[in-house]
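A structural walkthrough
Single-letter residue listing:
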Amino acid sequence: MTNDVETTSIVNGGLRDETGVKVWKEGLPMLLDLYDKYGVKATFFYIANFAKQHPEIIKIVQERGHEIACHGLTHKHDKAFDVMPFDEQLDHLSTAKKILEDIAGEEVISFRAPALRVNFDTPRALMEAGFKYDSSVAPQRMDMFMSLGSKNKMQWFGAPRAPYIASSENLARKGNSPLIEVPVSSFVVPYIGTFMRISPTMNAITRKLLYLETKNTNKAINFLIHPNEVITEENLHLETQRRASSYIGYLLSDVLRRKLKQKNLGEDALQLFEKEIKYWTIKGYGFQRIKDIKVE
């Protein structure tokens with residue numbers, strides 16, 4: 001179970017400090033209590049600037065035995081890793097890593113890019129910054145055209161489905177770098193909180209297919225959720241922020257995606273998520289942190 005901790009307001013769109021406070025005081029405690037109930041050890045990927053503003057979001061997770069991981073310095077779309085050159089990526093990663101390590105008092109070795117946006121410079125930047133794990137690839141995921149950075153995400157079609165040693169030139173390919181890629185699970189559609197909420201029925205089918213694929217193997221299943229999915233916010237009817245450069249991209253990745261993502265938020269999301277955890281618990285699956293995964 002992996003969690004992206006950020007300040008994105010799903011209802012209002014864009015990054016909001018007020019959403020961050022609700023994530024800290026409401027979303028994280030609800031997820032942590034749910035994980036305690038089922039004995040889950042999880043990984044939390046933090047936006048470093050958010051953690052710097054509210055260090056408590058690190059402490060409350062760390063004291064429960066979960067992994068503190070990096071989600072970059074900022075979630076601003078113009079600072080996505082697929083648009084930054086190598087030097088800027090390395091600076092962002094090094095700065096974010098130090099912020100998180102200073103708060104946590106321990107080494108941070110796992111990374112996930114905001115919106116899963118990376119490019120061919122990202123592996124080298126991760127290695128030079130001292131990261132050992134990445135989780136920014138979603139193999140054979142077909143909804144990429146509704147998200148930003150879809151051109152680079154085409155690499156996902158050929159990505160391995162189980163954790164692997166990544167190439168030093170492409171996170172979506174096997175290689176012999178020091179980096180271990182732990183892909184976000186998918187089966188045409190991603191196995192994530194967003195799709196769990198948009199279509200619980202489709203998500204149940206995805207979950208069943210992943211179970212059939214993994215029940216006789218050691219393949220890790222990686223579910224992605226955000227604490228901001230289990231909170232409720234007032235709809236301020238703010239205008240959708242335009243992030244995509246083309247009008248078609250704006251309609252798909254901004255307007256339509258925002259509308260779909262508003263389904264089953266708050267308590268409904270928490271109940272749906274508990275069903276996911278309960279399913280794997282009944283099936284006898286265990287839960288581990290990203291940094292505990294081994295690849296032969």
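Only a predicted model underlies this, so the values are computations on that prediction, with no experimental measurement involved. All residue numbers refer to position in the chain's written sequence, counted from 1. Totals for whole chains, interfaces and linings use all residues, but because this is a predicted model, local features are given only for residues with pLDDT of at least 70 and pairs of side-chain atoms are given and counted only at 80 or more. Hydrogen atoms and water are omitted, and side-chain values are computed over all heavy atoms in the structure.

1. A few points about the layout of surface pockets
Lining residues are defined by having an atom within 4 Å of a point belonging to a cavity or pocket. Those points lie on a 1 Å grid over the protein atoms alone, cavities being sets where a 1.4 Å probe fits but cannot get out and pockets being open sets with protein on both sides within 12 Å along at least five of seven lines. Grid points are joined across faces, edges and corners, and a volume is the space filled by probe spheres set on the points. Put simply, the second largest pocket is a space of about 590 Å³. Around the second largest pocket, the lining is made up of 26 residues, and of these K219, A220, I221, G286 and Q288 lie nearest the centre. For this classification, Asp, Glu, Lys and Arg are treated as charged, while Ala, Val, Leu, Ile, Met, Phe, Trp, Tyr, Cys and Pro are nonpolar and the rest, including Gly, are polar. Of the residues in the lining of the second largest pocket, the class split is 13 nonpolar, eight polar and five charged.

2. Some words on unusual backbone geometry
The backbone of A115 sits at a positive phi, close to 60 degrees, despite the residue not being glycine. Tracing the backbone shows A115 in the loop between strand 4 (110-111) and helix 5 (122-129). In this structure, L116 is a non-glycine residue whose phi angle is positive, near 55 degrees. Here a helix means four or more residues in a row that DSSP labels H or I, a strand means two or more in a row labelled E, and each is numbered from the N terminus. Mapped onto the elements, L116 comes out in the loop between strand 4 and helix 5. The class for L116 is buried, based on a relative accessible area of 7%. Throughout, exposure labels follow a simple rule: accessible area from a 1.4 Å probe, protein chains only, divided by the maximum for the residue type, with under 20% read as buried, over 50% as exposed, and the rest as partly exposed.

3. Points about the pattern of salt bridges
Close approach of charged atoms lets side chains of opposite charge pair. Only one rule defines a salt bridge in this text: a Lys or Arg side-chain nitrogen within 4 Å of an Asp or Glu carboxyl oxygen. Taken as a whole and assessed by the stated rule, the structure comprises 17 salt bridges. For the salt bridge of D33 with R64, the shortest nitrogen-to-oxygen distance reads 3.4 Å. Of this pair, D33 sits in helix 1 (residues 17-38) while R64 is found in the loop between helix 3 (56-62) and strand 3 (67-70), placing the two residues 31 residues apart along the sequence. A salt bridge links D102 to K98, with the nearest nitrogen and oxygen atoms 2.8 Å apart. Remark: K98 and D102 occur in helix 4 (residues 86-104); sequence separation between them is four residues, near one turn of the helix. Among the charged side chains, a network of salt bridges with common partners joins R16, E18 and E233.

4. Remarks on empty space enclosed by the protein
Take a probe with the size of a water molecule and roll it over the atoms, and the empty space left behind shows itself. According to the stated counting rule, one finds two cavities of 30 Å³ or more in the structure shown. By volume, the largest cavity amounts to about 130 Å³. For the largest cavity, the lining is made up of 15 residues, of which V118, N119, N152, Q155 and N170 are closest to its centre. Taken together, the residues that form the lining of the largest cavity break down as seven nonpolar, five polar and three charged. The calculated volume of the second largest cavity comes to roughly 70 Å³. Lining the second largest cavity are P139, R161, P183, V184, S185, S186, L210, E213, T214, K219, A220 and I221. Broken down by element, the lining of the second largest cavity gets its largest block of residues, three residues, from helix 8 (residues 200-214).

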